[in-house]
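Fold and geometry: a report
The residues making up each chain are set out below.
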Amino acid sequence: GAGVSQSPSNKVTEKGKDVELRCDPISGHTALYWYRQSLGQGLEFLIYFQGNSAPDKSGLPSDRFSAERTGGSVSTLTIQRTQQEDSAVYLCASSFRRGEGTDTQYFGPGTRLTVL
Amino acid sequence: EDKVVQSPLSLVVHEGDTVTLNCSYEVTNFRSLLWYKQEKKAPTFLFMLTSSGIEKKSGRLSSILDKKELFSILNITATQTGDSAIYLCAVPTSGTYKYIFGTGTRLKVLA
């Protein structure tokens, strides 16, 4: 597609439920990132994929968070047993080359997650 | 610890004013500094800076990096209401693919 797409755009769930967030990167982009942005805060790095592998999972806040990427394209971020503090906008970004710090990341529109 | 600090946190100006946004950083093995504009959800890329003293310009926006003093500025001249947004600064951390973002500067331009 023309840009990074994410679904759903909004998700309201009850505490304790599992949620899956989806990201479709720009075609041909090998690097994919997930970030979280809480109200009034900057972007918090969650995880990075190069192809289908995740060399850096250090940002995942707890073992309730997991992510996978298949076919070097679509990625899903899963949050199990959601808590109210998980409420945030989850942003996905992709870039063309390896994430070596000199690539431009293109962001999707995000998924706003609200945990009641 | 690697970090990025932006100032001011928020700014209110009138159309036509010029603004300067600041981003200071501490990171080992500096590679680049990026500026983004975030109007609703998705940050959009503005500039990537890798070399000191070389101004990057796009219309009324310009940015420059000082690697000695570890900061960058983003200038917006003749501001318009459409410039109202959060401006984010980010640097990749050393040895990883992780980008650290500042908390951003919220700019509001009044008509």
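What counts and how
Residues numbered from 1 in each chain as written. Chains lettered and ligands numbered in written order. Predicted model: local features only at pLDDT ≥ 70, side-chain atom pairs only at ≥ 80, totals over all residues. Heavy atoms only, no water. Helix = DSSP H or I, 4+ residues; strand = E, 2+ residues; numbered from the N terminus. Contact = heavy atoms within 4.5 Å. Polar contact = N/O pair within 3.5 Å; in protein donor to acceptor, adjacent residues only side chain to side chain. Buried area = accessible area lost by both parts, 1.4 Å probe. Salt bridge = Lys/Arg side-chain N within 4 Å of Asp/Glu carboxyl O. Buried < 20%, exposed > 50% of the residue type's maximum accessible area, 1.4 Å probe, protein only.

Description of the environment of Gln80 of chain B
Residue and element names in this part refer to chain B.
- Its place among the elements puts Gln80 in the loop between β8 (71-76) and β9 (85-92).
- Contact partners of Gln80, with chain neighbours within four places excluded, come to Glu15, Arg60 and Val109.
- Separated by 3.5 Å, the side chains of Gln80 and Arg60 make a polar contact.

Comments concerning the interface of chain B and chain A
- On the chain A side, the residues contacting the 19 residues of chain B number 28 residues.
- Approximately 2000 Å² of surface area, both sides summed, lies buried where chain B meets chain A, with 57% of it carried by carbon and sulfur atoms.
- Summed over the three residues of chain B that lose the most area to chain A, namely Lys41, Tyr97 and Tyr99 of chain B, the buried surface amounts to 40% of that side.
- On the surface where chain B and chain A come into contact, there are zero salt bridges.
- Within the residue set of the side of chain B that touches chain A, elements represented by two or more residues are β4 (33-38), β5 (43-49), β9 and β10 (99-101) of chain B.

Things to note about the pattern of salt bridges
- Under the defined criterion, the tally for this structure stands at six salt bridges over all chains.
- Linking Arg64 of chain A and Asp86 of chain A is a salt bridge whose minimum nitrogen-to-oxygen distance equals 2.8 Å. Placement of Arg64 of chain A in the loop between β6 (53-56) and β7 (65-69) and of Asp86 of chain A in the loop between β8 (75-79) and β9 (88-95) is noted, with a sequence separation of 22 residues between them. Neither residue differs from the other here; Arg64 of chain A and Asp86 of chain A are each classed as buried.
- Among the ionic pairs, Lys37 of chain B bridges to Glu39 of chain B, the shortest N-O distance being 3.9 Å.
- Judged by relative accessible area, Lys37 of chain B falls into the buried class, the value being 13%.
- Residue classification places Glu39 of chain B among the exposed positions, given a relative accessible area of 53%.

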